[in-house]
Number of protein chains: 2
Amino acid sequence: MRICIIGCGAIGSLYAAHLGKLDDIEVWAYDLNPAQVDAINSKGLRVTGLSDFTAAVHASIDASKIPPCEFGIIATKTLFTRSAIEATAHLFTHGAVCSVQNGIGNEEIIAEFVPHVILGTIFPAAHISKHGVVNQDAEGKTWIGPFAGHPASMQEVETLANALNRSGLECLAMEDARGAQWTKLIFNSASNAMGALTQLPHGVACDQPGVRKVMSSLVQEGIAVSKALGITLDSDPEALLDYGREKAYYHPPSMLQDILAHRKTEVDALNGGIARLGRDLGIPCSLNEACAAIIKGLEYSWDLKIPEQKNSLSVPRYK
Amino acid sequence: MRICIIGCGAIGSLYAAHLGKLDDIEVWAYDLNPAQVDAINSKGLRVTGLSDFTAAVHASIDASKIPPCEFGIIATKTLFTRSAIEATAHLFTHGAVCSVQNGIGNEEIIAEFVPHVILGTIFPAAHISKHGVVNQDAEGKTWIGPFAGHPASMQEVETLANALNRSGLECLAMEDARGAQWTKLIFNSASNAMGALTQLPHGVACDQPGVRKVMSSLVQEGIAVSKALGITLDSDPEALLDYGREKAYYHPPSMLQDILAHRKTEVDALNGGIARLGRDLGIPCSLNEACAAIIKGLEYSWDLKIPEQKNSLSVPRYK
């Protein structure tokens, strides 16, 4: 069986290396970073942190060099879903593609390009420590299920889940995996947005009573939208916020990392996604909408050019 | 007649210098910055920008050196209202004290210390260009009226208004000046909070449709609270936002200036003040409450010490 990981950053590398340990699976990785691709091809892909092993993975920056695959796992930032699946769709004319990305809206895009789509949600955390080396920071399950729009069969979902379980990544195959997706989405809408805007690590943000209250209001808006969609959450996002506070007090949510590095965030797929669906369904989501608008405004400020003579931001201020 | 300006930063200096031009008024300035006080005492207080003149003002960092006054004008940042009036209250046992500060809650604090209080709202803008020199950036009226809690008499209000008008600062004496105060408060709650959180100048922020929508929602919350308080606004805060966009497109709201300099903001007297009154009155103010909580969280982040071994904010990130 052949699997292609699309986007071989932290999460993509974690999945590629684990699957690369299995003798019956040939793993390919598609990534646009030549240094990452070269490192993987010359030395293999190494996992450190919670475990330590190196696996053989074929990597390429050119999707035309990759043979057809039974499965694709797309692990890019949500900003790049469209360009990534556009470049690789031809590999999956007889395969199924699974998103393990953040937020909502990815599966809809993937379904524009391939016939069989799997909706996925993951909890492991990782970061690339150098090219070809990914450090696993946190364990966590993977939930996958057919995406209603262009569904993969349950047999395909179970085949992929089986491979992931054998590779050491615990995976649950479900008829409806939206409960897991929305639980993580709602958690993220609170933890990521408040981290990004207050610049506080997750646990510290939770301990500011006013900030925690905003988190809870964001969670309530998300729960209301999930209910209107007929989704049964896997667990209580509030309890997840507490769990995160306990386990990762000083963890900077990924959106805070993006803000500090002036990288465009995934807010459109998180708070923005909840707000869009809320608008369609008539569910008030003013806080999710505000967080999305403010974070988009902040992104816009990074590239703003203010005419020299009007830049009173540089007027010397009295202290 | 003797008037003491309490807090001789940009706005305090503007008022002190203008009043210092009048022969029948002796102007004192109380300020904690020795360099500013020395400059004023040795060279006088100079106004540049929209006009250019220098006036004689007596300045002191020691309130016990200042003689009793008929009027006080308090122009500190709202964070320092209590300490400023605490230090100077003895000057006004037979006088009236007027706040020309941002937001709400200042008059209540002043009334704890002096018997006659005047509520004031101002629109001029200025910045200190160097010690003893204030540049007036924008013209604008001053509205003053008795503060209901411990009111000054209308005669006192009119005497102060008369002095300001003669000095070149247009001032309206009103029986109820809360309409002007709340118009500016509501405008500020939108312009300052969105500027601070998006880091965009006022006009640029107004032109982001999502951000402008949040501004309008903040305005609506403020208007609902003002109505519940029986206050008739002077003008439409939405129109003021447009006017500001027109006249000061690249102006960084003062709260944005504070955020960029890592100075504590006045958010407690602006969005926080609206949210507190909303809570008391049962008017939902979730966006003002969220903005206040997020900005307080951001202030908290500046001094946060993260234990070295837990500081994954410094983990090298893959790009």
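Residues take numbers from 1 onward in each chain, read along the sequence in its written order. Whichever chain is written first is A, and whichever ligand is written first is 1; the rest continue in order. Where totals are concerned, whole chains, interfaces and linings use all residues; where local detail is concerned, this predicted model gives features only for residues with pLDDT of at least 70, and gives and counts side-chain atom pairs only at 80 or more. Hydrogens and waters are ignored; side-chain quantities use all the structure's heavy atoms.

**Regarding the packing of aromatic side chains**
Any two of the Phe, Tyr and Trp rings considered here, Trp counted by its six-membered ring, make a pair once their centres fall within 6.5 Å; the pair's planes then place it as stacked at under 30 degrees, edge-to-face at over 60, or tilted in between. Taken as a whole and assessed by the stated rule, the structure comprises four aromatic pairs over all chains. Relative to A:Trp143, the ring of A:Phe123 has its centre 5.6 Å away and its plane inclined at 75 degrees; by these criteria the two rings are edge-to-face. On the criterion of sequence distance, the pair formed by A:Phe123 in the loop between β8 (116-122) and β9 (125-130) and A:Trp143 in strand β11 (residues 142-146) is long-range, its members being 20 residues apart. Of the residues examined, A:Trp143 reaches a relative accessible area of 12% and is grouped as buried. If you follow B:Lys21 out to its NZ or CZ, it ends over the ring of B:Phe53, 4.2 Å from the centre. Secondary structure elements follow DSSP: runs of H or I of four or more residues count as helices, runs of E of two or more count as strands, with numbering from the N terminus. Classification of residues uses two cut-offs on accessible area relative to the type maximum, computed with a 1.4 Å probe and protein chains only: under 20% is buried, over 50% is exposed, and between them is partly exposed. Charge-over-ring placement is defined geometrically: NZ (Lys) or CZ (Arg) within 6 Å of the ring centre, and within 35 degrees of the ring normal.

**Re unusual backbone geometry**
All names here are of chain A. One non-glycine residue, Gln 199, adopts positive backbone phi at about 60 degrees. Within the secondary structure layout, Gln 199 lies in the loop between α6 (178-198) and α7 (202-206). Backbone geometry at His 262 places phi at a positive 55 degrees, although glycine is not the residue there. Assignment of secondary structure puts His 262 in the loop between α10 (254-260) and α11 (271-281).

**Quick look at the environment of A:Pro201**
Within the element layout of this structure, A:Pro201 appears in the loop between α6 and α7. Residues A:Pro201 and A:Tyr250, 49 residues apart in the sequence, show an inter-C-alpha distance of 5.0 Å. Contact definition: two residues touch when any of their heavy atoms are within 4.5 Å. For A:Pro201, the residues in contact, after removing those within four places along its chain, are A:Tyr249, A:Tyr250, A:His251, A:Pro252, A:Pro253, A:Leu256, B:Leu304 and B:Ile306.

**Concerning the sheet that holds strand β2 (residues 26-30) of chain A**
Residues and elements named next belong to chain A. Taken in spatial order, the eight strands make up an open sheet running β5-β2-β1-β6-β7-β8-β11-β12, and their pairing is mixed. Because the sheet does not close on itself, it has two edges, and the strands there are β5 (58-60) and β12 (171-173). Across the sheet, the mean angle separating the axes of adjacent strands is 20 degrees when strand polarity is ignored. What makes two strands pair is DSSP finding at least two bridges between them. Pairing between strand β7 (residues 96-99) and β8: four bridges, direction parallel. Each bridged residue has a counterpart across the sheet, and for Cys 98 the counterpart in β8 is Ile 118. Only the stretch in contact is used when fitting a helix axis, every axis being a line fitted to C-alpha atoms; angles between N-to-C directions are given from 0 to 180 degrees.

**Some words on the sheet that holds strand β3 (residues 45-49) of chain B**
All names here are of chain B. Taking strand neighbours across the sheet as the criterion, the four strands line up as β4-β3-β10-β9 in an open arrangement whose pairing is mixed. Sheet topology places β4 (53-55) and β9 (125-130) at the edges, where each strand pairs with a single neighbour. Taking the axes of each pair of neighbouring strands and ignoring which way they run, one obtains an average angle of 30 degrees across the sheet. In the packing of helix α1 (residues 10-20) onto the sheet, the strands contacted are β3, β4, β9 and β10 (133-138), and the crossing angle to β9 comes to about 90 degrees.

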